[in-house]
Amino acid sequence: SSTSRGLGDVYKRQMLGAITFLAALAIAALYTKYITRSILKVSEVSKKMANLDFRVRYTEDRRDEIGIFGENLNELSEKLESALDELKEKNTDLEKSIKLEQQLEQQQMAFFSAVSHELKTPITSMKVLADSLLLQDDVPVELYKEFMEDLSEEIEREDKIINDLLSLVKMDK
């Protein structure tokens, strides 16, 4: 009977050990699931951030290392979202500046084209008048004087255009 009682105590101890082991195993499995779930949520947040979704937040209320990591991800996400918004704003400003620069360039080209034409017209007139005089033999003095007056007027016209251009350059400065 003492042998059977001794066997019963051993059996009880083995059962108690097995139950304790199974309970510890169940608690470890639950705790592992709890930690794994939080790690997966942090991973999900970081993956969305990697895809430039900075509105995502880690929402678990934990006071351990995983919670601290999640809070740091939230802070990083906010800063990156703010930086991205600032970059978008600066990009918009830059696009506007580029368009304005292109418009100014087009206006300058149109201006230079018009100025070139305006400068060339009096020169062409002067060339025609001078060539007309040179190609004629025995030019009457009256015609010679008339052509010289026309040449003088074209030179004054050219001088006025150049002075106007110089005034524009001074005003631009």
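The text that follows walks through the structure, step by step, so that each part is easy to find. (Residues numbered from 1 in each chain as written. Predicted model: local features only at pLDDT ≥ 70, side-chain atom pairs only at ≥ 80, totals over all residues. Heavy atoms only, no water.)

**Considerations on the nonpolar core**
Worth spelling out the cut-off: Nonpolar cores are built from buried Ala, Val, Leu, Ile, Met, Phe, Trp, Tyr and Cys residues. Side-chain atoms within 4.5 Å join them into one set. A 1.4 Å probe rolled over the protein chains alone gives each residue an accessible area, and that area as a share of the maximum for its type sets the label: buried under 20%, exposed over 50%, partly exposed in between. Helix and strand labels come from DSSP, where a helix needs a run of H or I of at least four residues and a strand needs a run of E of at least two; each type is numbered from the N terminus. By definition in these notes, contact holds between two residues if any of their heavy atoms fall within 4.5 Å.
Core analysis: the biggest nonpolar cluster contains 8 residues, these being Val42, Val45, Met49, Phe54, Val56, Tyr58, Ile66 and Leu73. Of all the secondary structure elements, the ones that give two or more residues to this core are helix H1 (2-50) and helix H2 (65-135). A per-element tally of this core places H1 first, with 3 residues. Sequence-distant contacts of Val56, that is, excluding residues within four places in its chain, are made with Val45, Lys48, Met49 and Ser77. In this structure, Met126, Leu129, Leu133 and Leu151 belong to the second largest nonpolar core, which totals 5 residues.

**Remarks on the pattern of salt bridges**
The following threshold applies: The term salt bridge refers to a side-chain nitrogen of Lys or Arg lying within 4 Å of a carboxyl oxygen of Asp or Glu.
The full count for this structure, using the stated rule, is 12 salt bridges. Residues Asp61 and Arg63 are paired through a salt bridge, measuring 3.5 Å at the closest nitrogen-oxygen approach. Comparing Asp61 with Arg63, the two get one shared label, exposed. What emerges from the salt-bridge pattern is a single network uniting Arg37, Lys41 and Glu60.

**Overview of the packing of aromatic side chains**
Test applied: Classification of ring pairs uses Phe, Tyr and Trp, with its six-membered ring standing for Trp, and accepts pairs whose centres are within 6.5 Å; under 30 degrees between planes counts as stacked, over 60 as edge-to-face, and the remaining range as tilted.
In the structure shown here, the tally under the stated rule is 2 aromatic pairs. Between the aromatic rings of Tyr31 and Tyr34, the centroid separation amounts to 6.3 Å while the plane-to-plane angle is 40 degrees, which identifies the pairing as tilted. One end of the pair is Tyr31 and the other is Tyr34, both in helix H1 and 3 residues apart, which spans about a single turn. Of the residues examined, Tyr34 reaches a relative accessible area of 35% and is grouped as partly exposed.

**Focus: helix H3 (residues 141-172)**
The test is simple: The span you would expect from a helix comes to 1.5 Å times its residue count less one.
Between its terminal C-alpha atoms H3 stretches 46 Å, which fits the 46 Å expected from 32 residues at 1.5 Å a residue. Listed in full, the buried residues belonging to H3 are Phe147, Leu151, Glu154, Glu158, Ile161 and Leu165. Buried residues along H3 sit against H2.

**Some thoughts on the side chain of Glu154**
Residue position: Glu154 is located in helix H3. We classify Glu154 as buried; its relative accessible area is 15%. Non-local contacts of Glu154, meaning those with residues more than four positions away in its chain, are made with Pro122, Ser125 and Met126.

**Comments concerning the layout of surface pockets**
Counted only if it meets this: Cavities and pockets are defined on a 1 Å grid built over the protein atoms alone: a cavity is a set of grid points where a 1.4 Å probe fits but cannot escape, while a pocket is an open set with protein on both sides within 12 Å along at least five of seven lines, and lining residues are those with an atom within 4 Å of any such point. Grid points are joined across faces, edges and corners, and a volume is the space filled by probe spheres set on the points. Three categories are distinguished: nonpolar for Ala, Val, Leu, Ile, Met, Phe, Trp, Tyr, Cys and Pro, charged for Asp, Glu, Lys and Arg, and polar for the others, with Gly belonging to the last.
Looking at the largest pocket, its volume works out to about 240 Å³. Forming the walls of the largest pocket are Gln108, Phe111, Phe112, Val115, Leu165, Leu168, Val169 and Asp172. Secondary structure elements with two or more residues in the lining of the largest pocket: H2 and H3. Class assignment for the residues of the lining of the largest pocket results in 6 nonpolar, 1 polar and 1 charged.

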